[in-house]
Amino acid sequence: MSRHLFLLSILAAIVLATTAACGNDDDGEAVGATGDTLVIALTSEPENLSPIFMDFYAGNWRTFNGLLSYDADLNLVPDLAAEMPDVSEDGETVTVRLREDVTFHDGEPLTSDDVVFTYESLLDPDVGTELRARFDLAEVIEGVEAIDEHTVEFHLSRPDAAFFHKLYPGIVPQHLLEGEDLNTADFNRNPVGTGPFVFDEWSSGERIVMTANEDYHHGDVGIPRVVFTFIEDENARVSQLRDGTVDATAVPPRLAGDFRDDDNFQVVEVPSADARVAVLPHDEPNLEDPQVRRALAMGINREAIVDGVLAGSGEPAYGPYIAGAMPPEIPHDPDAARELIEEAGWSTGSDGFYERDGERLGFELLYPSGDSVRRDIALAIRSDLQELGVDVEVDGAGWDVITDRFGSGDAGNMFAWGQPYDPDLELYLHFHSAFLDDGEPFNNPARIDDPAIDDALDTGRRSLDPDERLAAYSDLQEALQEDASWLFGVYMQPTIVMASNISDVEVQPEGHFHGVSRGVMWAMEDWQID
Amino acid sequence: MLGVIVRRLALLPLILLGVATLTFVIVAISPFDPIRAYVGAETPISAEGREEIARAWGLDQSEPERMIRWAGRLLQGDLGHSTMLEGRPVSEALLERAGPTLVLIGTSLALVLVGGLIAGVLAAAFRDSWFDWLVRSVSHFNIAAPSFWVALMALYIFSVQLNWLPAAGTTDLRGEGGTGIDLKHLILPAVTLAITQQAWFTMYIRNTLLEVMREDYVQYATAQGIGRTALLLRHALPNALIPFVTLIGVNMGEIIGGSILIETVFAWPGLGTLTRDAALSADLPLLIAITIIGAFFVIMGNLFADVSYRVLDPRIRETGA
Amino acid sequence: MTAPTTTASTSGWRSRWRWAIPRRVPFAAGISGSLLVIILFIVATADIIRPIDTYTVDFAAALQSPSLSSPMGTDELGRDIMTRVFHGLRVSLFVSLMASVVALVLGGAIGLAAGALGGKVDSVLMRFLDVFASQNHLLFGIVLAVLFRPALGPMGAILLAVGLTHWTQMARIVRGELLSLRERQFVGAAINGGAGRWRLAWRHYLPHLLPAMGLGFVLLFPHAIFHESALSFLGVGLPPHQASLGNLLADSRSLILVGAWWAALFPGLMLLLTSLAIGTLGEYWRDRHNPRWRSELEL
C-alpha cells in the first residue's frame with residue numbers, strides 16, 4: 001500500500017466524521033414549545049404500540065381508544081361506546097353499543113367486528129399479552145358476540161364487579177390484523193387506531209412522531225404534532241428541558257424546585273397512589289411483637305420526608321391508597337413510641353439503642369440500588385428510628401439479592417407500589433394469607449396471617465355492592481395499622497415540568513407505574529400551545 | 001512483512017475464541033440468576049413462569065450444550081436477544097447505537113490529532129519554557145484526572161452556569177426529516193473525551209521531536225541558520241500521522257472505556273449509555289456481546305497499530321521480516 | 001540495559017533497597033510525597049477529624065454551600081460532604097488496595113510460574129494471558145461486577161472486577177524479569193547444583209523480583225482507584241448510600257444541576273490528587289529504578 005494513500009484515507013475518515021457531526025446544525029434555542037410541535041421526553045422507549053400488548057397501568061397510546069376510558073377522577077366513561085354498557089339482571093351479559101361516527105386513521109369505519117376481533121385476540125393463548133392474566137379474562141369472558149354492526153355482547157361466566165375496567169383496552173382494526181401473528185405483526189411498530197393522534201414515524205432509540213387526527217370523534221385536537229423521545233436518565237431529562245430540546249417531562253421532585261421560579265416553565269404535580277413502604281422482615285425475632293412495629297410506625301416523621309426527600313411533592317402515607325377508604329392518620333410521636341417499646345420489655349442500653357436479653361432492637365432494610373428516592377427515604381427512616389433508639393442498617397442491592405434476603409425474611413425492603421383504580425387489582429396479592437406458602441417473596445411479602453385482613457379482602461373481591469366494598473376496605477386499613485408490618489411512608493406525587501405556554505393541562509391520579517395516557521397525559525388532545 | 005500480518009491475522013480467531021470461551025465460562029461459574037434479573041422489580045413469578053422464561057431463553061439446557069449453541073450462533077453473527085429490550089436482537093440494538101459513538105470518538109480523535117500536534121510541536125520548540133511546562137502539567141493532570149469528573153465539571157461550567165451548550169442528547173428533536181447529531185450537542189462530550197485522551201499523543205510528539213533535535217542533521221541545519229520551529233514543523237507534520245494511528249490502536253481500550261463514562265455523563269445515546277443501562281438491568285446477552293465486541297476492537301487496534309507501524313515506518317520495513 | 005538489582009549479590013536489607021532511597025528528591029516527587037502523607041493522615045484519622053455519621057440525615061442543613069462548619073458544603077440530605085469525602089477516600093483506598101493485592105498475587109503467581117517453568121507451560125499461560133489482556137478493562141470489569149455482586153457482595157465483586165482485569169501487566173513484568181534473571185550466571189550455578197525449579201523460583205528468583213513487583217504494584221494502584229470509582233459511578237460498584245468517591249461523584253450528577261458544584265468538585269479533586277500523588281511517586285521510582293519499564297507499565 002502506498003504510504004500517501006494510507007494517510008489520505010485516514011484524513012478522509014476524520015473529515016467524514018467531522019462533517020457528519022456538523023450535518024445538522026440548526027438553532028432551536030428558544031425555551032418553550034415552538035411552532036406546532038411539542039416534544040415530550042418519556043423515561044423509556046416502548047417496544048410495542050399495540051394496545052393488545054398494553055400494560056394496563058401505562059394505558060393505551062393516544063393512537064387508540066377503548067370502549068370505555070377514565071375521566072379526570074378515574075370514573076369510567078364511554079369512549080368508543082355510545083353510552084355506558086348495559087348489564088343484564090344476572091350480571092352475566094354485558095351489552096355495549098358503539099358510536100357510529102368513528103373511523104380508523106386509514107379511513108375504514110369502526111364496527112363491532114373490530115371489537116370482537118380485539119377481545120378474541122386478548123383471549124387467544126398464543127398472543128403474549130399481560131392483560132389476559134391481569135384481568136382474569138380467560139376465566140371471566142365466555143364469549144364475545146357481534147349482535148349488529150354497532151352492538152357487541154359479552155357473555156360472562158360470573159358477575160364481575162370490576163368488569164368495566166376490562167373494557168378499557170384499545171380496539172384494533174380487524175382488517176389490518178386478521179390472519180397475522182399479532183406477536184410479531186408490523187402493526188406493533190406501525191399502528192393504526194382511532195385515537196386523537198395519528199402515528200407518523202418511529203426511529204428506534206430516538207423518537208416517535210404523531211400528528212393530530214383531523215377527524216377525531218371527540219372533537220378538535222389542540223396540538224398539531226407530538227414528538228416522543230426516550231431519556232432514561234433523569235439528569236439528562238432536566239438538562240434537555242432547560243436547554244429547550246424537550247417541552248415536557250417527568251423530573252425528580254428535588255430537581256423540579258428550580259423550575260418553579262422560572263417563568264418559562266410550569267410544574268404540574270400528579271396526585272398518586274404510588275406509596276413508598278418499608279416492609280419489615282418477617283423472620284426478624286426483634287419485630288415479632290406488633291406493638292413494637294406499631295411504635296416504629298409512630299416514630300417516622302413522614303412530613304419531614306415529604307419536605308426533605310420529595311421537596312414537598314408528596315403526601316404522608318398511613319396505608320394503601322384506596323379512594324373512599326383512606327387510612328386513618330398515624331401521629332408522629334416519638335415519646336409515645338418509646339413508651340410502647342419499653343412496655344414491650346425493651347430498655348435502653350449503653351449505646352443508646354434498645355436492648356432485651358442482650359439483643360439490640362433493629363433490623364436491616366434493603367433498597368434497590370438504582371433508585372435514589374427509595375435510598376433517601378430508607379436513610380431518612382433510619383435516622384428517625386435511630387432517634388427512637390432502634391438500629392436500622394440500610395443496604396442497597398440488586399433485585400436478585402433483594403428477592404433472596406427479603407424473601408427469606410431476614411431483611412426488610414423499601415417497597416414501591418400502589419394504584420388508584422380498583423383496589424382488588426393488587427391488595428389481595430399483597431396481604432392475603434392464601435399466599436403464605438407459595439414460595440414467592442413478593443406475594444404477601446410480610447407473610448401476614450390475619451383472619452380480619454383476609455375477611456376484608458374476600459368481601460372486597462366478591463361483593464358487587466360499592467358501599468359494602470368500601471366498608472370492608474376501611475376495616476382493612478385499620479387491621480393493617482394494627483398489624484403494622486408494612487411501615488407506610490409517603491405517597492409520591494410525580495412532578496412534571498412543562499413549558500409554560502402549554503395550557504389546558506388536566507391531571508388524573510396515577511399509580512406506581514406511569515404511562516403515556518395516565519397522570520398528566522391522559523387528555524393530551526385537549527392541550528393548547530399559546 | 002506480509003508474513004507478520006498473516007501470522008497475526010491467523011491468531012486473531014484463536015484469541016477471539018479464547019475471549020468468547022472466557023466470557024462464557026465466567027458467566028457459567030457465576031451464581032447469577034438471569035431469570036430473576038429478567039423479571040426485575042417487585043414482580044411475583046410462579047414456578048411455571050420461571051420454567052417458561054427459562055425455556056424461552058434456553059436456560060433449561062446444560063451448560064456445555066448452551067456454550068456450543070451460543071458459539072454456533074455467534075459464528076453466524078447472531079449475538080442473541082436482549083432481556084432489557086424485551087427480546088430485541090442484540091445486533092440490532094448495537095447497530096442502532098453505534099452511530100453516535102463513532103461520531104463522538106471520531107470527532108475527539110480529530111481534536112486529539114490537531115490539538116496534540118500544535119501543543120506538542122510548540123512544547124518541543126520551546127523546550128523548558130513556561131509553555132512546555134504548561135503542556136506537560138496539563139498532560140499529566142489529564143492522565144490522572146478521572147474522565148467522568150472532567151466531564152461533570154465541564155457540564156457544570158458550560159451548561160449549568162454559563163448556559164452556552166446543551167448538556168445532554170444529540171440533537172434537536174423537532175426536525176421534520178430524520179434527526180442527526182448537531183455540532184452544539186457534540187462539543188461538550190467530544191472535547192472532554194479529547195481532553196482525557198490528549199496526553200499520550202501530545203507527549204509523544206514532544207518527546208519524539210526532542211529526540212530528533214539531537215540528531216546530526218538537525219544540529220547541522222540549525223547551524224545553517226534554518227529556524228528551529230520551521231525545522232520541527234517540517235519534520236513533525238509529515239510524520240505525525242504515523243504515531244497517531246499507532247497510538248490510537250494501542251489506546252483503543254482507553255478510548256472505549258472513556259467513551260462509556262463520558263456518554264453516561266452527557267446522556268449521549270451511544271454504545272456507552274447502552275452498556276451502562278445493560279449493566280444496571282443486568283442484561284447479560286447485551287453485556288456479553290458488548291464485551292466481546294470491545295475485545296475485538298482492542299485486538300484489532302493492537303494489530304492495526306503493529307501493521308501501520310510497519311507499513312509506515314521505513315526503518316522497520318528495512319529491518320523487519 | 002541495566003538489571004533491576006545491581007547490588008543483588010550483596011546481602012542485607014539496606015543495600016538491597018538502597019536504590020529506592022534517593023539522594024536528591026525532585027520537586028514534583030517531594031510535593032507528591034507530602035500530599036500522600038496528608039492523604040494517609042486523613043484516611044487514618046477520619047473518625048477523629050470528621051467524627052460525624054456519614055448517613056445521618058438532617059433536612060434543615062440540606063444543600064449548603066461550603067462554609068466554616070462544613071468546608072465542602074452539604075448534600076441534598078444535609079450530610080456534610082467533607083465527612084463523606086474523607087470516609088469515602090478511606091473506602092476507596094481500601095478497596096483499591098485490596099484489588100491491587102488481588103492483581104499482584106494473581107499476576108505474580110502466573111508470571112512466576114510461566115517464567116520459572118518455561119516451555120509448554122509458559123506458552124499456554126501466555127496465550128491465557130493474551131485472552132485476558134484483550135478484554136477492555138472497564139467493560140470486562142462491569143460484566144464481572146454485575147455477575148458476582150449477588151454472591152460476593154458489592155465489595156467482593158469490585159475486588160474481583162479490578163483484580164481480574166489488571167493482573168496481566170503484573171504477570172508480564174514478573175515473567176520478563178525472571179527471564180532476564182535466568183540468563184545470569186548465579187542461577188546457572190544453582191541449576192547445576194541441582195536445585196528444584198520451584199525451590200529455585202522461591203529461593204533465588206522471588207527476592208530479586210520483589211522490587212519489580214513492588215513498583216508494579218504502586219503503578220497499578222492509581223488504576224485500581226480509577227476503576228473502583230468508575231464502577232461505582234456507573235452504578236455497579238459499592239451500594240449507593242455508602243460514601244465512596246465514585247458514589248459521591250455519581251450523586252453529584254443531579255446536584256450540579258441545582259447549582260451545588262461543591263458536590264462534584266471536592267470528591268473529584270480528592271480522587272485526582274490521590275492518583276496524581278501515587279502516580280507521580282511511582283513514576284519517579286520507576287525512572288530511578290529502571291527506565292526500560294516505561295513501555296511495559298503503560299497500564
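In this text the structure is predicted, and so the values were computed from the model without any measurement. (Residues numbered from 1 in each chain as written. Chains lettered and ligands numbered in written order. Predicted model: local features only at pLDDT ≥ 70, side-chain atom pairs only at ≥ 80, totals over all residues. Heavy atoms only, no water.)

### Observations concerning the overall build of chain C
- Along the backbone of chain C there are ten helices and zero strands.
- Ordered by position in the sequence, the α and β elements of chain C form the string α-α-α-α-α-α-α-α-α-α.
- Here chain C holds 299 residues, and 58% of them are scored as buried.
- Within chain C, contacts between residues at least 6 apart in sequence are counted, and of these 73% link residues at least 24 apart.
- Of the roughly 12,100 Å² of accessible surface on chain C, 65% is carried by carbon and sulfur atoms. (Helix = DSSP H or I, 4+ residues; strand = E, 2+ residues; numbered from the N terminus. Buried < 20%, exposed > 50% of the residue type's maximum accessible area, 1.4 Å probe, protein only. Contact = heavy atoms within 4.5 Å. Areas by Shrake-Rupley, 256 points an atom, 1.4 Å probe, with all protein chains shown as cover.)

### A few points about the overall build of chain B
- When you go through chain B residue by residue, the secondary structure sums to 14 helices and zero strands.
- The secondary structure elements of chain B, listed N-terminal to C-terminal, are α-α-α-α-α-α-α-α-α-α-α-α-α-α.
- Among the 321 residues that make up chain B, the fraction classed as buried is 54%.
- Across chain B, contacts joining residues at least 24 apart in sequence account for 71% of those joining residues at least 6 apart.
- Of the roughly 14,300 Å² of accessible surface on chain B, 65% is carried by carbon and sulfur atoms.

### Regarding the interface of chain A and chain C
- Tallying the contact residues gives 27 residues for chain A and 18 residues for chain C.
- On inspection of chain A and its partner chain C, the count reaches four salt bridges.
- Between C:Asp251 and A:Arg375 there is a salt bridge, with its nearest N and O atoms 3.0 Å apart.
- Taken together, the links from chain A to chain C amount to seven residue pairs in polar contact (both at pLDDT 80 or more).
- Where the side of chain A that touches chain C is concerned, the elements lending two or more residues are helix H6 (234–242), helix H7 (253–260), helix H9 (302–308), helix H11 (372–388), strand E19 (391–397) and helix H12 (399–407) of chain A.
- Top element by residues in the side of chain A that touches chain C is H11(A). It accounts for seven residues. (Salt bridge = Lys/Arg side-chain N within 4 Å of Asp/Glu carboxyl O. Polar contact = N/O pair within 3.5 Å; in protein donor to acceptor, adjacent residues only side chain to side chain.)

### Focus on the pattern of salt bridges
- Counted according to the given criterion, the structure contains 35 salt bridges over all chains.
- Salt-bridge contacts for A:Asp86 lead to A:Arg97; the nearest nitrogen and oxygen are separated by 2.7 Å. On the criterion of sequence distance, the pair formed by A:Asp86 in strand E4 (residues 86–87) and A:Arg97 in strand E5 (residues 93–97) is long-range, its members being eleven residues apart.
- Taking relative accessible area as the criterion, A:Arg97 reaches 32% and is therefore assigned partly exposed.
- A single network of salt bridges, built from pairs that share partners, joins A:Arg254, A:Arg375, A:Asp376, C:Glu76 and C:Asp251.

### Topic: the sheet that holds strand E15 (residues 347–348) of chain A
Residue and element names in this part refer to chain A.
- One open sheet accounts for three strands, arranged E15-E16-E17; its pairing is antiparallel. The open sheet has two edge strands, E15 and strand E17 (359–360), and neither has a second partner.
- Sheet topology note: the strand E16 (residues 354–356)/E17 ladder contains two bridges and is antiparallel. Its bridge partner lying in E17, Glu 355 is registered against Arg 360. (Pairing = 2+ DSSP bridges.)

### Considering the domain arrangement of chain B
Residue and element names in this part refer to chain B.
- Assigned domains of chain B: these are domain 1 (2–90) and domain 2 (95–280 + 294–319).
- Across the boundary between the two partners, domain 1 contributes ten residues, which contact 13 residues of domain 2.
- Around 990 Å² of area is buried between domain 1 and domain 2 when both sides are counted, 77% of it from carbon and sulfur atoms.
- When the area that domain 1 buries against domain 2 is broken down by residue, the three leading residues are Arg 8, Leu 12 and Met 84, summing to 45%.
- Taken together, domain 1 and domain 2 are joined by zero salt bridges.
- Remark: the boundary between domain 1 and domain 2 carries zero residue pairs in polar contact (both at pLDDT 80 or more).
- Of the residues assigned to the side of domain 1 that touches domain 2, the class counts are eight nonpolar, no polar and two charged. (Domains from an automatic or database assignment. Buried area = accessible area lost by both parts, 1.4 Å probe. Nonpolar A, V, L, I, M, F, W, Y, C, P; charged D, E, K, R; others polar.)

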